[in-house]
Amino acid sequence: MSEKKLKITETVLRDAHQSLIATRMRTEDMIPILEKMDRIGYYSIECWGGATFDACLRFLDEDPWSRLRTLRAKIKDTKLQMLLRGQNLLGYRHYADDVVEYFVQKSVAGGIDILRIFDAFNDLRNVETAVNAAKKEGAEVQLAMAYTTGEAYTLDYWTKLAADMESMGADSICIKDMAGILVPEEASRLITALKDTVKIPLQLHSHCTSGVAPITYVKGVEAGCDIIDTAISPFAMGTSQPATEVMVETFSGTPFDTGLDQELLSEIADYFRPQRDQAIATGLMDPKVLGVDVKTLLYQVPGGMLSNLVSQLKDQNASDRFYEVLAEIPKVRQDLGEPPLVTPSSQIVGTQAVLNVLMGERYKVMSQETKAILHGDYGKTVKPFNPQVQHLAIGNDTPVTCRPADLLAPELESLREEVKLYSQKDEDVLSYALFPKVAVDFFKNRDAKANKIDPGVYDLANKAYPV
């Protein structure tokens, strides 16, 4: 076997703390260790995107754009990577093309080298604009396939998707196993098939929710995977990624030896360990997220979706109907075109399954989000919708068959007009576009603090106390 150095993407600054402590790691908690992390020799450090943008504004009173610039200033030699949900960007709706283009432009200008871009339905029409924008800015484009299982998701499906991604201009492809349901033997088959199909590098992203991810990584690397996502050990395992040091040691002395220094990694771990201990002590990190949830494999349902179902049923005094809902989920998923169960489809399918069970009649009550999927607002699913259920949802309306964003008028200038009272820098319009109310609250606090005035009584529009 020829030598093939395995590359590592470190996730502690993004997905690891998103998965374990609800994305609450502050920039000030990161700064002291960044220069040492830069010396490790990681392929990349995932540090932005996903839920970090929302959490900075909503919970941490931080400007996510300032975080990015701070990270870039401290990390000079390692590529910085972000996660972007295609036409959804980092928000929860589709944005017009001009907003997507401007967001990508500002992200790259702020210091992002690699954009990992995906769509919840694997509908590549929903990533076109972001890909083209990233290419225009000279960034690396990694397209991610939302991994799932089901009748439609054959090797032919995945290889065609990969070939289409390569044709779109992807510099690499990520298998995004967000639920931790890619089992070792299947990873071997999948990656072997993908390596036979495309010439660009393959990256594997998984979570330890079901317990199999470290073994899946081994089989995936042996099959030809070029890069894996790992998290430094204090923020690894459970619903996070496999531990960086464990994976480095696993491949040490093999043809895939990473060459990373375990002593230096140990110093990184020593830095983050007190943060983990504090998160456990304050309840920010629930020990439950560190366990293995075998139901993830049994029901092919992401762990976060399971906990959400438990909560919904508890609120309705219907906890005893949990297994009925689990049985209903695959049926709803089939009716909605068998989408991958990832945000937002996992929440939509799960909620609809709860409604179907509790109402005693399937689709007697239908959520607005379910109707939107069946109207085609989220894009094209791998299989057709159940025609009877679609008719219940949209009646005689004509469903969307084009790229959904083609129906959106440019909105950047109108957003600028809406936010002009609050805006202090170019990126503020993007923060407002993604999270209007949250961003305005942040802007008010920022302005009041600058003027040393209580934000509760400060009249931002007039820069003064209200009359």
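Everything numeric here is computed off the predicted structure, so don't read it as measured data.

Colleague: Mind laying out the overall build of the protein, listing which residues take part and the relevant values?
Modeller: The helix and strand inventory of the protein stands at 20 helices and eight strands. Taken over the C-alpha trace, the protein has a radius of gyration of 22 Å; the compact-globule value for 467 residues is 23 Å, and the two agree within 12%. On the principal axes, the C-alpha backbone points of the protein span a range of 75 × 60 × 45 Å. Classification of the 467 residues of the protein by burial places 57% in the buried group. The long-range fraction of contacts in the protein, counting pairs at least 24 apart against all pairs at least 6 apart in sequence, stands at 74%.

Colleague: For helix H4 (residues 64–74), give the residues involved together with the corresponding values.
Modeller: Within H4, burial applies to Pro64, Trp65, Arg67, Leu68 and Leu71. Buried residues along H4 cover an arc of 155 degrees about the axis, so they all sit on one side. Where H4 starts, the residue carrying a side-chain oxygen 2.9 Å from the main-chain nitrogen of Trp65 turns out to be Asp63.

Colleague: Quick rundown of the nonpolar core? Include the residues and the values.
Modeller: Counting residues in each nonpolar core, the largest one holds 106 residues, and the members touching the most others are Leu13, Met37, Leu84, Phe103, Leu115, Ile228 and Phe272. Ile228 has contacts with Leu6, Lys7, Ile8, Thr9, Gln203, Leu204, Tyr217, Val221, Met247 and Phe251, leaving out every residue within four places of it along the chain. With 37 residues, the next largest nonpolar core counts Leu341, Val349, Val354 and Ile373 among its residues.

Colleague: Summarise helix H14 (residues 322–335); cite the residues concerned and give the values.
Modeller: In this model, H14 (14 residues) spans 20 Å end to end at C-alpha, consistent with the 20 Å of a helix rising 1.5 Å per residue. Along its length, H14 shows its largest kink, about 30 degrees, at Glu328, and proline Pro330 lies within four residues downstream of that point. Along H14, the residues that are buried comprise Phe322, Val325, Leu326, Glu328, Ile329, Val332, Arg333 and Asp335. Within two residues after H14, Gly337 carries a phi angle of roughly 90 degrees, on the positive side.

Colleague: Quick one: what's the story with empty space enclosed by the protein, residue by residue and with numbers?
Modeller: By the definition in use, this model includes one cavity of 30 Å³ or more. One number sums up the size of the largest cavity: a volume of about 30 Å³. Residue lining of the largest cavity: Asn88, His94, Asp119, Ala120, Phe121, Pro344 and Tyr378, and that is the complete set. Classifying every residue of the lining of the largest cavity gives four nonpolar, two polar and one charged.

Calculation rules
- Residues numbered from 1 in each chain as written.
- Predicted model: local features only at pLDDT ≥ 70, side-chain atom pairs only at ≥ 80, totals over all residues.
- Heavy atoms only, no water.
- Helix = DSSP H or I, 4+ residues; strand = E, 2+ residues; numbered from the N terminus.
- Rg over C-alpha atoms; globule rule 2.2 N^0.38 Å.
- Buried < 20%, exposed > 50% of the residue type's maximum accessible area, 1.4 Å probe, protein only.
- Contact = heavy atoms within 4.5 Å.
- Arc of directions from axis to C-beta.
- Polar contact = N/O pair within 3.5 Å; in protein donor to acceptor, adjacent residues only side chain to side chain.
- Core = buried A, V, L, I, M, F, W, Y, C linked by side-chain atoms within 4.5 Å.
- Expected span 1.5 Å × (residues − 1).
- Bend = angle between axes of the 7 residues up to and from the residue.
- 1 Å grid on protein atoms, 1.4 Å probe; cavity = no way out; pocket = protein on both sides within 12 Å on 5 of 7 lines; lining within 4 Å.
- Points joined across faces, edges and corners; volume = space filled by probe spheres on them.
- Nonpolar A, V, L, I, M, F, W, Y, C, P; charged D, E, K, R; others polar.

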